[in-house]
Each structure stands twice: as structure tokens, then as C-alpha cells.
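Coordinates in review
What follows is the residue order along each chain.
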Amino acid sequence: MTTDLDLYRILYLIRCFEERALAEFSTGKLFGTTHAYIGQEADAAALFSVLDPGDLVFSNHRCHGHFLAYGGDPYRLAAELMGRATGLVGGRGGSQHIHWRNFYSNGIQGGIVPVATGMALAEKAQKTGKIAVVFIGDGTLGQGVLYESLNIAALWSLPVLYVVENNRYAQTTPNELGIAGSIPARFQAFGIETFEAASSDVLTLLPIAREAVDHVRSRGPAACILHTYRFSAHSKGDDPRDPEQVAKIRAAHDPLTIHAPRIDSAQRASLETEIDALIDYAFTRAANDPFPLLNGE
Ligand SMILES: Cc1ncc(C[n+]2csc(CCOP(=O)(O)OP(=O)(O)O)c2C)c(N)n1
Ligand SMILES: [Mg+2]
């Protein structure tokens, strides 16, 4: 049974990690790039609360929140962002290419969708009862390989959930300049069932996530389309939006502000102190870890 406190823990953990990652970035401690999940936390909190531990997860360039909600270690992730040998993949994957247990991510838009679909086929063939969940952004609806994957998933009734996190922008391009027609119709054209929500309230998203996951487990492929907002820039400085507009959106749709009043304030304060310390430990320890050796050892 997932409690309100469990959900707040995930929301706060992601927020805290991402804010620290952005702060560390500006001091030059992180390598490559980074795409913060700030604003979208409720999507991950809801979906990961209804998955089974053995399910497979395929994420994208905006993967930190998914990884933390999956139960990943913030220290190993921080070490990966800093290119350290102790990182999730030895410091060679960076922010976008991480792997741990049944969690995989890939920074090529849509690149991991056929992989997730194929892994769903493998799970079905082996009758494991596990499902594959793959996250894409609205901007990734333009990748042709998505539609090849949907076709096969529908034809072979594969246990795969396509999660579209529609934060309304593909980097700096708003939806209306990049997406024709309706998003659900793109899945429905293949006979794939769609579940949809426009909310940053984790309690609104939870039953929809559960319905979508149940559908995949018992009947076959589905899409879960979540309309959300990102509050930070696409990666670091690239945000064409009017800051006043972003502030207004944030004031109305912050998943933490929406959920926090449901938690006893003393409990919340103690949880926040605990997570602040955990994140501080993660980044401080990672910053002191060794870099991988150049000869590949
Ligand atoms: C094939 C490919 N083209 C371009 C890029 C560069 N790129 C990274 S993220 C991104 C926008 C993605 O938008 P969306 O799918 O909506 O995800 P969001 O960043 O909004 O979470 C682009 C163009 C890429 N990673 N892969
Ligand atoms: Mg987007």
C-alpha cells in the first residue's frame, strides 16, 4: 500500500536531487549535459508506485527522476553525472545513458522504444508476467521508429506501456509547431488503448497509472499520456519561455506544493531533513571518488 508519505518521499527526493545537480553543474563538477525533471515529478511517483519490482523500465534523456523513483541510488547517479568510476556505468554514460538492474536509458530520442518493445516480446515469450515501460516526450512523437514499434506491439499483443510525458515542448519548440492531430489518436490508430491525464497531482495520476499498467499486464500494449509541465530549462540555459509565465505555471502546478499539505508537517520536516542529508552525502561523496582509468580498466 503506497501512502501519501511514500509518494511525497519520491517527489521530494527527485526535486532535491535535480536542484543539486543543476547547482553542481554551474560549478563545473558535472560532465556532458543534464535535463532536469523538475515539475514532472508526479508522473514518476505515480507510475513507479504501481509497477512490480521485476518490471523493465526504459527511459530517455530526462531520466534522473525515473531512476530515483525506480529505487536507484542517488550517490551512484551523482557519481555517474560527475564521470566517476563509481558511477552507475563506471562514469562513461553520464546523465543520459544509465543502467541498473532492469532500468535502461538512452539519450537518442525514440532510440530505446524498439528496444523496449523487443524486450516486452522476450518477456512474453518467456511467460514471466513482467511488463516493459518506456518513457518518451511529446517531441519524440515525431520519430518514425515509434510507429514501427507500435505496429508490432499491437500485432503481437506485447506487454509494453508507452508513457508520453507531454511537457508541451521539444527543447524550445512548442507542441503546436511540431505535432499534428491528436496524441491519443496516434496510438489508437494501431488499436492501442490509451489512458490520459492532465494533472500534476500525484493522487490524480495514481489510479490512471494503475489502470494503464493493469491493462498491459492482462491485455496487451497501452499508452499513458500525461500532460505536464517542466519548470526548469530544457537542459540548462535553453528556455525561450517568458519567466513570468513559467512562474505562474509553477505556482499552479507544482506537484510538491499540491501534495505537501496532505502530510503531517512534523513528519514532512523530518523526511525533508533526511533527504537533504542523503543528497548532500551523494554529491559530496561522489565528488571525491576517482575517475575511471583511461585504458578501460
Ligand atoms: C534523434 C535525436 N534528435 C535530437 C536530439 C536532441 N534532443 C534531445 S532532447 C530533445 C527534445 C526532446 O523533446 P521531448 O521528446 O518532448 O522530451 P522533453 O525534453 O520535453 O522531456 C532534442 C531535440 C536527440 N537527443 N535525439
Ligand atoms: Mg517535451
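You'll find the structure just up there.
Keep in mind that this is a model prediction, so the values were computed, not measured. (Residues numbered from 1 in each chain as written. Chains lettered and ligands numbered in written order. Predicted model: local features only at pLDDT ≥ 70, side-chain atom pairs only at ≥ 80, totals over all residues. Heavy atoms only, no water.)

Turning our attention to helix H2 (residues 41-49). Given 3.6 residues per turn, any residue in an α-helix points the same way as the ones three and four places further on. Of all nine residues in H2, eight are buried, a share of seventy percent or more. Glu41, Ala42, Asp43, Ala44, Ala45, Ala46, Leu47 and Phe48 are the residues of H2 that are buried. (Buried < 20%, exposed > 50% of the residue type's maximum accessible area, 1.4 Å probe, protein only. Helix = DSSP H or I, 4+ residues; strand = E, 2+ residues; numbered from the N terminus.)

What follows covers the site of ligand 1. Inspection of the region around ligand 1 gives 15 residues, with His61, Arg62, Gly107, Gly139 and Thr140 positioned closest. Between ligand 1 and arginine 62, the relevant distance is 2.8 Å, taken from an oxygen atom to a side-chain nitrogen or oxygen of the residue. At 2.7 Å from an oxygen atom of ligand 1 is found a main-chain nitrogen or oxygen belonging to glycine 139. Here ligand 1 has 580 Å² of accessible area as a free molecule, and 75% of this is covered by the chains. (Near = heavy atom within 4 Å. Polar contact = N/O pair within 3.5 Å; in protein donor to acceptor, adjacent residues only side chain to side chain. Areas by Shrake-Rupley, 256 points an atom, 1.4 Å probe, with all protein chains shown as cover.)

The mixed open sheet is built from seven strands, whose spatial order is E2-E3-E1-E4-E5-E9-E8. Of all strands in the sheet, those with a lone pairing partner are strand E2 (99-100) and strand E8 (193-198), marking the two edges. Note that E8 and strand E9 (residues 222-227) share six bridges and pair parallel. Paired with glutamate 193 across the two strands is alanine 222, which belongs to E9. The strands that helix H9 (residues 202-218) touches are strand E5 (160-166), E8 and E9; relative to E8, the one it contacts most, it runs at about 170°. (Pairing = 2+ DSSP bridges. Contact = heavy atoms within 4.5 Å. Axes fitted to C-alpha atoms, helices over the stretch in contact; angles between N-to-C directions.)

Note that phenylalanine 135 resides in strand E4 (residues 132-137). The buried category is assigned to phenylalanine 135, whose relative accessible area is 1%.

Listed as protein donors to the magnesium ion (ligand 2) are Asp138 (OD), Asn167 (OD1) and Tyr169 (O); their distances from the metal cover 2.1 to 2.3 Å. Along the chain, the residues donating to the magnesium ion (ligand 2) are arranged with the sequence spacing D-x28-N-x1-Y. Of this pair, aspartate 138 sits in the loop between E4 and helix H6 (144-155) while tyrosine 169 sits in strand E6 (residues 169-170), and the two are 31 residues apart along the sequence. (Donors = N, O, S within 2.8 Å, 3.2 Å for Na, K, Ca; no water.)

As a further point, take the nonpolar core. Among soluble globular proteins, nonpolar side chains are generally buried collectively. The biggest cluster of nonpolar side chains holds 63 residues, and the ones touching the most others in it are Phe17, Leu47, Phe48, Leu77, Leu161, Val163 and Phe283. Considering every element that reaches this core, the biggest residue donor is helix H1 (residues 4-26), with 11 residues. Beyond its immediate chain neighbours, meaning those up to four positions away, leucine 47 contacts Phe135, Leu161, Val163, Ala209, Val213 and Leu226. (Core = buried A, V, L, I, M, F, W, Y, C linked by side-chain atoms within 4.5 Å.)

With that settled, the discussion passes to the packing of H1 against H2. Where H1 contacts H2, the two axes come as close as 9 Å, and the packing angle between them is 135°. Classified by the angle between their axes, H1 and H2 sit oblique to one another. Note on packing geometry: the crossing formed by H1 with H2 is right-handed. On H2, the residues touching Leu7, Ile10, Leu11, Ile14 and Arg15 of H1 are Glu41, Ala42, Ala44, Ala45 and Ser49. Its residues placed into classes, the contact of H1 with H2 shows seven nonpolar, one polar and two charged. (Parallel < 35°, antiparallel > 145°, perpendicular 65-115°, else oblique. Left-handed = near helix turned anticlockwise from the far one by under 90°. Nonpolar A, V, L, I, M, F, W, Y, C, P; charged D, E, K, R; others polar.)

To continue, consider the packing of aromatic side chains. In total, this model carries 13 aromatic pairs according to the counting rule given. Ring centres of phenylalanine 67 and tryptophan 100 lie 6.1 Å apart, and the angle between their planes is 75°; this geometry places the pair in the edge-to-face category. With phenylalanine 67 in helix H3 (residues 64-70) and tryptophan 100 in strand E2, this pair connects stretches of sequence that are 33 residues apart. Judged by relative accessible area, which is 0%, phenylalanine 67 ranks as buried. Look at tryptophan 100 and you get partly exposed, because its relative accessible area is 22%. Among the aromatic residues, those joined into a cluster by ring pairs are Phe48, Phe67, Tyr70, Trp100, Phe103 and Phe135. (Phe/Tyr/Trp six-rings, centres within 6.5 Å; stacked < 30°, edge-to-face > 60°.)

What follows concerns unusual backbone geometry. Not every positive phi belongs to a glycine, and lysine 127 is a case in point at roughly 50°. Inspection of the secondary structure assignment puts lysine 127 in the loop between helix H5 (113-125) and E4. The exposure class of lysine 127 is exposed, given its relative accessible area of 75%. A positive phi is found at serine 157, a non-glycine position, where the angle reads about 50°.

Now for the side chain of glutamate 41. Tracing the sequence through the fold places glutamate 41 in helix H2. At 2.6 Å, the side chain of glutamate 41 and the side chain of arginine 15 are in polar contact. Beyond its immediate stretch of four places on either side in the chain, glutamate 41 contacts Leu11, Ile14, Arg15, Pro255 and Leu256.

Below, the discussion takes up the pattern of salt bridges. Between side chains of opposite charge, pairing is possible as soon as their charged atoms come close. On inspection of all chains with the given rule, the structure shows 12 salt bridges. Between aspartate 280 and arginine 20 there is a salt bridge whose closest N-O contact spans 2.8 Å. A residue pair is termed long-range when its members are at least 10 positions apart, and aspartate 280 in helix H12 (residues 265-287) and arginine 20 in helix H1 qualify at 260 residues. We classify arginine 20 as partly exposed; its relative accessible area is 23%. (Salt bridge = Lys/Arg side-chain N within 4 Å of Asp/Glu carboxyl O.)

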